[in-house]
Each structure stands twice: as structure tokens, then as C-alpha cells.
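The primary structure of each chain is shown beneath.
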Amino acid sequence: MPTEQHPTLAPTLLPLLGGPANLRSVTHCMTRLRVEVADPTLVRTAELRATPGVLGVVMDGTAVQVVLGPGTVTRVAAALRAERQARTAAPTRQTLRRVTRIFVPLIPALIGCGVIAGLAGLLANLRWAPALVPALNAVASGFMSLIGVFVGYRTAKEFGGTPVLGGAVAAVAVWPGLAQVEVFGRGLTPGQGGVLGALAAALLAVAVERGCRRVVPEALDVLVTPTLTVLLPGLATLYGLMWAAGEASSAVGWFADWLLSHGGAVAGFVLGGLFLPLVMLGLHQALIPVHATLIAERGSTVLLPILAMAGAGQVGAAVAVYLRLPDDISVRRTVRSALPAGLLGVGEPLVYGVSLPLGRPFATACVGGAFGGGFVGFMAQDGGGTVGATAIGPSGWALFPLLRGDHGPVEAVVVYAAGLLVGYAAGFLATYFFGFPRKRPRAASP
């Protein structure tokens, strides 16, 4: 099929597949467009088969396979994904969702490796099992040394490129042999640029791949496109992206250190107080790359323990609501069922089931988070008592195994636990005394 027909084929296929709301996923193999649909009855199979350029249609439950041929299927799949995304989401929210879908699947590995790293550090400090410590460090560090490859793979997959090509380009930055490569007279460091470099390299790879798909003849597509997609972004990574991303990563780390050392209490107060509204709006997702960058560059993120104080304020507010509303059986039941999850850092049940519907308790919960964050920030001010988390995802009590600090894990645990207590207490007191409107005295009878 001529190349110029590709842009019009995807919009033609979209309504025949049930419209953008009916598409759950769009992938492809060498010859087939593979679509997962929500409602297979909306798929107009006969019209699909009759569409010029469609070589065949295979239906299997909610899975629809449209045979388009090599080269063509890649272009149509990319155009169809772009068409679907343009119709189903606003640009800003879609970007946040994409960032989330890139990093969230990596969180279980971050958590597991973080816990193992913490165990290795504890054994090393106690001088127990010295022969086991290097093995634990190897297990914990393996994923972190290759996290850029996973980020590149996920980025290419999310933005419509070939995932393995995104991973291949990102792998350039972590190859151990980079220590012998000189660029403009300066040596390179494996892993330089961290996750930001991997993200940028994979995005560039997606752009190059899309450009190749538009201009490379279909007969040469299988050979030429993967080669250029790895070669051009790979060279760009070596000769510019690694340096730029390295500077950006260093700036993120420097700013986090500066923020806490110069304005620790104020910064912690603001961050802890604003995090619940950010979660409610979904804007907290934008912080995921920041956390990942800090973990890759510094070994831990100093922001997460402060932001986790928002959950402490929520827990304190929920307890106050429970005591202030002794006759509201429904609310008290919700508090009892959601409180254990809140203590472990899962605050959505308390937010959407208790504080947000009541109005004022949501605001007073934010006050509790602000005071807890302010305490943790105050302890980090001037370089004393800084607490970091070696992984993202958990908060509340679940964050204890992932804590590390400038003065050892024990002090980190003590500071974080004290911050939780401050957040609990401030959230409780603010909600108990200010979270409910005062009862007006009844007017005297005439």
C-alpha cells in the first residue's frame, strides 16, 4: 500500500473497531495489528474486511487482529494510537498518565531492591555475616545499574515506538565499556544521566523510528529502520544527551539538598501540606521521575519521607472524625475499615471515604501533613538528620524498611517515626477543634 494512504487508514479503522472508547490497547507484530477491545459487538468485522489495504481480520473474543502486512502495520498502529490518544485525553493529563505508565511497573523491583539494600546496610553496620553482605549488595544493585534500560523500554512502548529499540538505545548509556570512550576530549561515565538520560534517549529513538517509517521503503523497513533507530539516537546520547541529562540529574539532586539545608522546615511544611491536594488532582505523578532520579543519583529520595507526612495528617484527622461523630455509624465504619490501610500509607480510602466528603477535615488533614513535613524538614536543615527512601511506592509504616539517613538507619527511623507522630497529632488536633462548624445557639422562642 502506498505510504500516503497510511494517515487516512487509521481514522478509517477507528470507528470500525468501535471508536476510541472501545480500544483498550493497540499493539502489532510483523504483519498484524492487534487490538484489545472493551466490547467486541461494536466491531464491524465485515466492513473491516472490505476496507482497502486490509488483508484479513481475525476475531478471538475481545482480541481483534487486522492483517495489514509488514511495514504498513507499524505505521498504521502508530497512527491509530496517536488518533486514539488525541480523542480520549487532554494533553497534560495524558502526559502524566504516560509518565505513570512508564515508571509504576518498575516500582515493585525498586521496593524489593531497596529492602535488600537496607538489609545489607544493616548487616554491614552490625558486622554480621560479612561474607553475605557483598552478595546482597550485588542482588540489590543489579536492577539499579540497569534501570535506564527498563525506562527506555517502557518509554518507547508508551510513546508508540518499538520497546526493545528504546531499551537498546538507553543501554548505550550504561555499557561498562563507556569508561574507555572519550567525547570531545572528556571521558564518559557508565550510567551518566540516569533515568532522565534514558527517557530522553528513548523519546529520540521513537522520533527517529517514526521518521524512518514515513520515508524508508517498505522493502527495506525491516533492515534500515532498526539500524538507524539505534545508531542515530545512540550517537546523540553519547555526544550530548548523556552530558545534558547528567547536568540535569545533578541539578535535581543539588536543588533537593539546597531546599532542605536552607529552608528545611518551611520547605517541609509546604510540601507536606500540599501533597494531599496534588494526589487528589493526580499531579503527584509528575514527581515520580524526580524520585527515580534522586534514587539513581544519590541512592535515596529525600522528598518521599516528607511527602509521606501527608498520610500521617490524614490518619490523625480520621481518628478525630471518629471521635467527633459518635452517632454517624456509616462514617465510623468507614474509618475503622480504612484506618489500617492509612497507617500503611494507602490514604485514598480515608481521603475519598471520610475527609474529602466532609470538607473541613480534608483541609485540617493537610495541616497535619504540613506540620509532619515541617518537622522532618527541620531535622534535615543544615545537614543534620536527613532522611531518605531507597525506593518509591510505600509510605506510612511501610516505608520503615526503606529508610536511610546521613547518620545511619537508626536515626533515620527515629526521625521519620517522630515526624509521623507529629503529623498524627497535628492532624488530630486541627480536625478535632477546627474540622467541624461550631453549633450556633438556637434562637429564643418568642
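Conventions used here
Residues numbered from 1 in each chain as written. Predicted model: local features only at pLDDT ≥ 70, side-chain atom pairs only at ≥ 80, totals over all residues. Heavy atoms only, no water. Helix = DSSP H or I, 4+ residues; strand = E, 2+ residues; numbered from the N terminus. Buried < 20%, exposed > 50% of the residue type's maximum accessible area, 1.4 Å probe, protein only. Contact = heavy atoms within 4.5 Å. Areas by Shrake-Rupley, 256 points an atom, 1.4 Å probe, with all protein chains shown as cover. Axes fitted to C-alpha atoms, helices over the stretch in contact; angles between N-to-C directions. Parallel < 35°, antiparallel > 145°, perpendicular 65-115°, else oblique. Left-handed = near helix turned anticlockwise from the far one by under 90°. Salt bridge = Lys/Arg side-chain N within 4 Å of Asp/Glu carboxyl O. Phe/Tyr/Trp six-rings, centres within 6.5 Å; stacked < 30°, edge-to-face > 60°. Lys NZ or Arg CZ within 6 Å of the ring centre and 35° of its normal. Pairing = 2+ DSSP bridges. Core = buried A, V, L, I, M, F, W, Y, C linked by side-chain atoms within 4.5 Å. Polar contact = N/O pair within 3.5 Å; in protein donor to acceptor, adjacent residues only side chain to side chain. Expected span 1.5 Å × (residues − 1). Bend = angle between axes of the 7 residues up to and from the residue. Patch = residues over 30% accessible without salt bridge, like charges linked within 9 Å, V, L, I, M, F, W, Y side chains within 5 Å.

As for the overall build of the chain
Looking only at helices and strands, the chain features 17 helices and eight strands. Summarising its shape, the C-alpha atoms of the chain cover approximately 85 × 75 × 35 Å along the three principal directions. Put simply, the chain has 446 residues, and 44% of those count as buried. For the chain, contacts bridging at least 24 residues in sequence account for 70% of all contacts bridging at least 6. For the chain, the accessible surface area stands at approximately 21,300 Å², while carbon and sulfur atoms represent 67% of it.

Looking at the environment of glycine 240
Mapped onto the secondary structure, glycine 240 falls in helix 10 (residues 218–281). On the accessibility criterion, glycine 240 (24% relative accessible area) is partly exposed. With 108 residues separating them along the chain, glycine 240 and leucine 132 place their C-alpha atoms 40 Å apart.

Some thoughts on the packing of helix 13 (residues 309–324) against helix 16 (residues 360–380)
At a minimum axis distance of 7 Å, the contact between helix 13 and helix 16 shows a crossing angle of 135 degrees. Between helix 13 and helix 16, the crossing angle belongs to the class labelled oblique. Where helix 13 crosses over helix 16, the handedness of that crossing is right-handed. Residue-level contacts link Met309, Ala310, Gly313, Gln314, Ala317 and Val321 of helix 13 to Pro361, Ala365, Gly368, Gly369, Gly372, Gly373 and Val376 of helix 16.

A few points about the pattern of salt bridges
Inspection of the entire model under this criterion finds five salt bridges. Between arginine 213 and aspartate 221 there is a salt bridge; the shortest N-O distance is 2.4 Å. Here arginine 213 matches aspartate 221 in class, with each residue buried. Taken together, the salt bridges that share partners define one network made up of Glu209, Arg213 and Asp221.

A few points about the packing of aromatic side chains
If you walk through the whole model with that rule in mind, you get eight aromatic pairs. Aromatic side chains tyrosine 432 and phenylalanine 433 sit 5.3 Å apart centroid to centroid with 75 degrees between the ring planes, which places their arrangement in the edge-to-face category. The exposed category is assigned to phenylalanine 433, whose relative accessible area is 53%. Cluster of aromatic residues (ring-pair linked, three or more members): Trp254, Phe255 and Trp258. Across from the ring centre of tyrosine 432, 5.4 Å away, lies the NZ or CZ of arginine 324, which sits over that ring.

Brief notes about the sheet that holds strand 1 (residues 23–28)
A sheet is described by the order of its strands in space; here four strands give the open sequence 1-2-4-3, paired in antiparallel fashion. Of all the strands in the sheet, just strand 1 and strand 3 (56–60) have a single pairing partner and so form its edges. On average, each strand axis in the sheet is inclined to that of its neighbour by 15 degrees, with strand direction left out of account.

Brief notes about the nonpolar core
Looking at soluble globular proteins, one finds that nonpolar side chains tend to be buried together. Formed by 53 residues in total, the largest nonpolar core has its most connected members in Phe103, Ile147, Val151, Ile392, Leu399 and Tyr416. If sequence neighbours within four positions are ignored, leucine 399 has contacts with Leu304, Pro305, Ala308, Ala389, Pro394 and Tyr416. Among the nonpolar cores identified, the runner-up in size contains 22 residues, and Ala10, Leu48, Val57 and Leu68 belong to it.

A few points about the side chain of threonine 229
Relative to the assigned elements, threonine 229 resides in helix 10. In this structure threonine 229 comes out as buried when scored by relative accessible area, which is 0%. Polar side-chain contacts of threonine 229 include one of 2.6 Å to the backbone oxygen of threonine 225. Not counting chain neighbours up to four residues away, the residues in contact with threonine 229 comprise Leu165, Val169, Ala205, Val208 and Glu209.

Details of helix 14 (residues 329–343)
The terminal C-alpha atoms of helix 14, which comprises 15 residues, lie 21 Å apart, in line with the 21 Å expected from a rise of 1.5 Å per residue. Approximately 35 degrees is the largest bend angle found in helix 14, and it occurs at serine 337, with the proline proline 340 only one to four residues beyond. Regarding helix 14, the residues found buried are Val331, Arg332, Val335, Ala338, Gly342 and Leu343. In the segment just after helix 14, glycine 345 is the residue with positive phi, at about 100 degrees.

So, the pairing of strand 1
Bridge count between strand 1 and strand 2 (residues 32–37): five bridges; the pairing is antiparallel. Bridged to histidine 28 within strand 2 is leucine 33. Where strand 1 folds back onto strand 2 in an antiparallel hairpin, the turn is made up of three residues.

Quick notes on a nonpolar patch on the surface
A surface patch of nonpolar side chains, about 530 Å² in accessible area, is lined by Val266, Phe269, Val270, Leu274, Val367 and Phe371. The set of elements that each furnish at least two residues to the nonpolar patch consists of helix 10 and helix 16. Here the nonpolar patch takes four residues from helix 10, the largest share from any one element. With respect to the helices and strands, the residue valine 266 is situated in helix 10.

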